[in-house]
Amino acid sequence: MSTPASSSPSDSTRRRIPLDVVDAQGNSFYVSERKVYPRDVAGTLNRLRVAAVWWLLGMYYVFPWVKWDGRQAVLFDLPARKFYVFGLVFWPQDFLFLAMLLIIAAMALFFFTSLAGRLWCGYACPQTVWTEVFLWMERWTEGDRSARMKLDAAPWSANKLLRKGGKHVLWAVFALWTGFTFVGFFTPILDLGARLWPFAWGGWETFWVLFYALATWGFAGFLREQVCKYMCPYARFQSAMFDRNTLIIAYDPMRGEPRGPRKRGLGSVLERARGLLPKETAYDYVFRAGKHPSAASQAAHAKGTITWDGDLGDVAPLPKFAPEELGDCIDCTICVQVCPTGIDIRNGLQYECIACGACIDACNDVMGKMGYPQGLVRYTTQNAIDGKPSRVLRPRVFVYGGLLLALVAGWAWGVTHRSDLIAEALRDRNALYREVAGGQVENSYTLKLINKDQQTRSYRVTLASPTPGIVLRGGEMTVTAEPEQVLSLPVVATAPATVTGRHAVTLTVVATEGGNEKTVDTSYFGPTP
């Protein structure tokens, strides 16, 4: 008996997928990154960014040295399981507030992103802040953009060695100071500094100082924009919080295209009869300029990840325009040269853009020199660029803002209304009860009291039960706890032997001053009837 042949699709229905073996073609999936040489820029947004750097790094480097009530103002004391933040002390029982703080941070990111794009990336992200400082040191030792490019291309010499060596010495000192300060948030920084010479740091202290210093040196000195492009997840999902009414940094192609150099004296399109281009024409010019960059754009080494859907075929380059046909963009590429990620903002919104505003300051400066109105590159919305009605304050902004405000208010109320007393009762695990002389039965407990206040407190301990006869041996107790002291008090409840079975009891701890009160519910066990 023959076995029927298995059915298979015919050759005509099969789809052949061409394969390209990477190694066989001499290619690689890794793209070597061209070094970005950001040009120095001046302007309003740059001053705001510099102010943010000084403010944020000032807090980071100064707070560990500030004293508050005789101790370090900001100290995360992991061995003692206490976090000190100025006048606040957080204990393990306050973990809820840490969780709320993380939720607040996430909600703040959603709120500011939906409102004004990547403000966090451009002004407050640690990668941006430390990279800015490392760039300052690089410019101070090697010069501005053109000087750094020439220095890197030049053969090694005494001058190059001196400048490169000086830069890395500054970087290393600053990175080590950063690592030292980081550990100073977890180990009292004065004690850490006192043990630097003669060297008496512990193994973990040494490891974290060097590790954090190396991470700072590598991320801010070498990886820079690659951290934002490839390592940071925010660049990938931030587009989910964008819409056409989100404030972004954008180039106005209707006014700027077609781009090209010209002599001074030609007025702005806003002053000439040409006026603004139709939207379709302007975006066509942007597209074709991106496919066939000018010599100036190629010299600026603009990078980006603008992709196009489908096979577009041959794209014709832009023709040569008469001066009176040109837009306001003079194709100077200064906006590309100042960009810390090396993109060309004229190609549209790109995920590499960190919204630092350097291109806005650079373009405004060029427009001023040309006698043109500022704002060719500006903070705006996509709808406004396209000439459509734009509404920055929209429902999602109010929802995020309302949730953020509620969370902040709840967190602040919870922190300011925390109890300064923690009370817990643990039963003696060795025996449910103990019979003693006089026909009495005793239950033993360990009462743990934590005085979270910064002052010495006295407490009264009482016991109550709905069952008559169960009392605290020795009567009411009065104890004193030093600031942040943890007390373990032996407590004994006694009752006649006639009280049998299980009964509910309540231990009450009341502060003698302030009226702070805690109750602990537990059980009393008597003989089995």
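Refer to the preceding data block for the structure.
Values in this document were obtained by computation on a predicted structure and should not be read as measured data. (Residues numbered from 1 in each chain as written. Predicted model: local features only at pLDDT ≥ 70, side-chain atom pairs only at ≥ 80, totals over all residues. Heavy atoms only, no water.)

Here we take up the pairing of strand β14 (residues 486-496). Two strands pair when backbone bridges link them, and strand β10 (residues 440-451) and β14 are joined in this way by 11 bridges, in the antiparallel orientation. The partner of tyrosine 445 across the bridge, within β14, is valine 491. Judged from the 2 bridges that link them, strand β12 (residues 471-472) and β14 form a sheet pairing that is antiparallel. What sits directly across from valine 471, in β14, is threonine 494. (Pairing = 2+ DSSP bridges. Helix = DSSP H or I, 4+ residues; strand = E, 2+ residues; numbered from the N terminus.)

Following the criterion strictly, the structure yields 0 disulfides and no others. Residue cysteine 232 stays outside any disulfide, its sulfur separated by 5.8 Å from that of cysteine 121, the closest cysteine. Assessed through its relative accessible area of 24%, cysteine 232 is described here as partly exposed. Cysteine 332 forms no disulfide, and the closest cysteine sulfur to it belongs to cysteine 335, at a distance of 6.3 Å. (Disulfide = S-S within 2.5 Å. Buried < 20%, exposed > 50% of the residue type's maximum accessible area, 1.4 Å probe, protein only.)

On the secondary structure map, aspartate 361 appears in helix α16 (residues 358-370). Arginine 49 is the oppositely charged side chain nearest to the buried, salt-bridge-free aspartate 361, at an N-O distance of 5.2 Å. In this structure, aspartate 361 is in contact with Val41, Ala42, Gly43, Thr44, Leu45 and Asn46, ignoring residues within four places of it in sequence. (Lys, Arg positive; Asp, Glu negative; His and termini not counted. Salt bridge = Lys/Arg side-chain N within 4 Å of Asp/Glu carboxyl O. Contact = heavy atoms within 4.5 Å.)

Our next topic: the pairing of strand β16 (residues 517-525). As defined by bridge partners, strand β15 (residues 502-511) adjoins β16 across 9 bridges and the pair is classed as antiparallel. Its bridge partner being in β16, alanine 504 is matched across the sheet by serine 523.

Turning next to the nonpolar core. Counting residues in hydrophobic clusters, the biggest one holds 35 residues, and the most contacted among them are Ile249, Ile345, Cys359 and Val377. Of all elements in the fold, only α4 (119-124), β6 (248-251), α15 (334-337) and α16 reach the threshold of two or more residues within this core. In terms of residue count, the dominant contributor to this core is α16 (8 residues). Excluding residues that lie within four positions of it along the chain, isoleucine 345 makes contacts with Ile249, Tyr251, Cys335, Gln350, Cys353, Cys359 and Val377. With 25 residues, the next largest nonpolar core counts Leu421, Ala423, Ile470 and Val479 among its residues. (Core = buried A, V, L, I, M, F, W, Y, C linked by side-chain atoms within 4.5 Å.)

Strands sit in the order β3-β4-β5 across an open sheet of 3 strands; the sheet is antiparallel. Whereas interior strands pair on both sides, the edge strands pair on one side only; in this sheet they are β3 (74-77) and β5 (88-90). Pairwise comparison of adjacent strand axes, ignoring direction, gives a mean angle of 10° for this sheet. The sheet contact formed by strand β4 (residues 82-85) and β5 spans 3 bridges and is antiparallel. Of the residues in β5, the one forming a bridge with phenylalanine 83 is phenylalanine 90. (Axes fitted to C-alpha atoms, helices over the stretch in contact; angles between N-to-C directions.)

Once that is clear, we can look at the pattern of salt bridges. In total, this model carries 29 salt bridges according to the counting rule given. The closest approach of N and O atoms between aspartate 144 and arginine 139, which form a salt bridge, is 3.9 Å. Take arginine 139: its relative accessible area is 16%, and that puts it in the buried class. Here the salt bridges do not stand alone but share partners, grouping Lys35, Glu138, Arg139, Glu142, Asp144, Arg148, Asp152, Lys164, Lys167 and Arg224 into one network.

Time to look at helix α2 (residues 44-62). For α2, with 19 residues, the first-to-last C-alpha span of 26 Å sits near the 27 Å given by 1.5 Å per residue. Inspection of α2 places Leu45, Asn46, Arg49, Ala52, Val53, Leu57, Tyr60 and Tyr61 among the buried residues, and these make up the whole buried set. The buried side chains of α2 occupy one side of the element, clustering within an arc of 140° when seen end-on. More than 90 degrees from the buried face of α2, the exposed residues found are Arg47, Trp54 and Trp55. Of the surrounding secondary structure, the elements contacted by the buried residues of α2 are α4, α5 (126-142), α7 (158-184), α9 (203-223), α16 and β7 (377-380). (Expected span 1.5 Å × (residues − 1). Arc of directions from axis to C-beta.)

Right, let's get into the sheet that holds β16. Spatial strand order, β13-β11-β15-β16: 4 strands in an open sheet with antiparallel pairing. Strand pairing shows two members of the sheet lacking a second neighbour, β13 (477-481) and β16, which therefore form its edges. Here the average twist between neighbouring strands, direction ignored, is 25°.

On the surface, Phe95, Leu98, Leu101 and Leu102 cluster together into a nonpolar patch covering about 410 Å² of accessible area. Relative to the elements of secondary structure, leucine 98 occurs in helix α3 (residues 95-116). Leucine 98 gets classed as partly exposed once you look at its relative accessible area, which sits at 40%. (Patch = residues over 30% accessible without salt bridge, like charges linked within 9 Å, V, L, I, M, F, W, Y side chains within 5 Å. Areas by Shrake-Rupley, 256 points an atom, 1.4 Å probe, with all protein chains shown as cover.)

Applying the stated criterion across every chain yields a total of 30 aromatic pairs. Ring centres of phenylalanine 134 and phenylalanine 174 lie 6.0 Å apart, and the angle between their planes is 75°; this geometry places the pair in the edge-to-face category. Of the two residues, phenylalanine 134 is situated in helix α5 and phenylalanine 174 in helix α7; the sequence distance between them amounts to 40 residues. Side by side, phenylalanine 134 and phenylalanine 174 carry an identical accessibility label, which is buried. The interplanar angle of 65° and the centroid separation of 5.4 Å between the aromatic rings of tyrosine 285 and phenylalanine 321 together place this pair among those described as edge-to-face. Placement of the pair is tyrosine 285 in helix α13 (residues 279-291) and phenylalanine 321 in the loop between α14 (295-299) and α15, with a sequence separation of 36 residues. Each of the two residues, tyrosine 285 as well as phenylalanine 321, counts as buried. Of note, lysine 160 hangs over the ring of tryptophan 156, and the distance from its end group to the ring centre comes to 4.6 Å. The side chain of arginine 418 reaches across the aromatic face of phenylalanine 97, ending 6.0 Å from its centre. (Phe/Tyr/Trp six-rings, centres within 6.5 Å; stacked < 30°, edge-to-face > 60°. Lys NZ or Arg CZ within 6 Å of the ring centre and 35° of its normal.)

Honestly, that's just the spatial picture; any functional story needs more than this.
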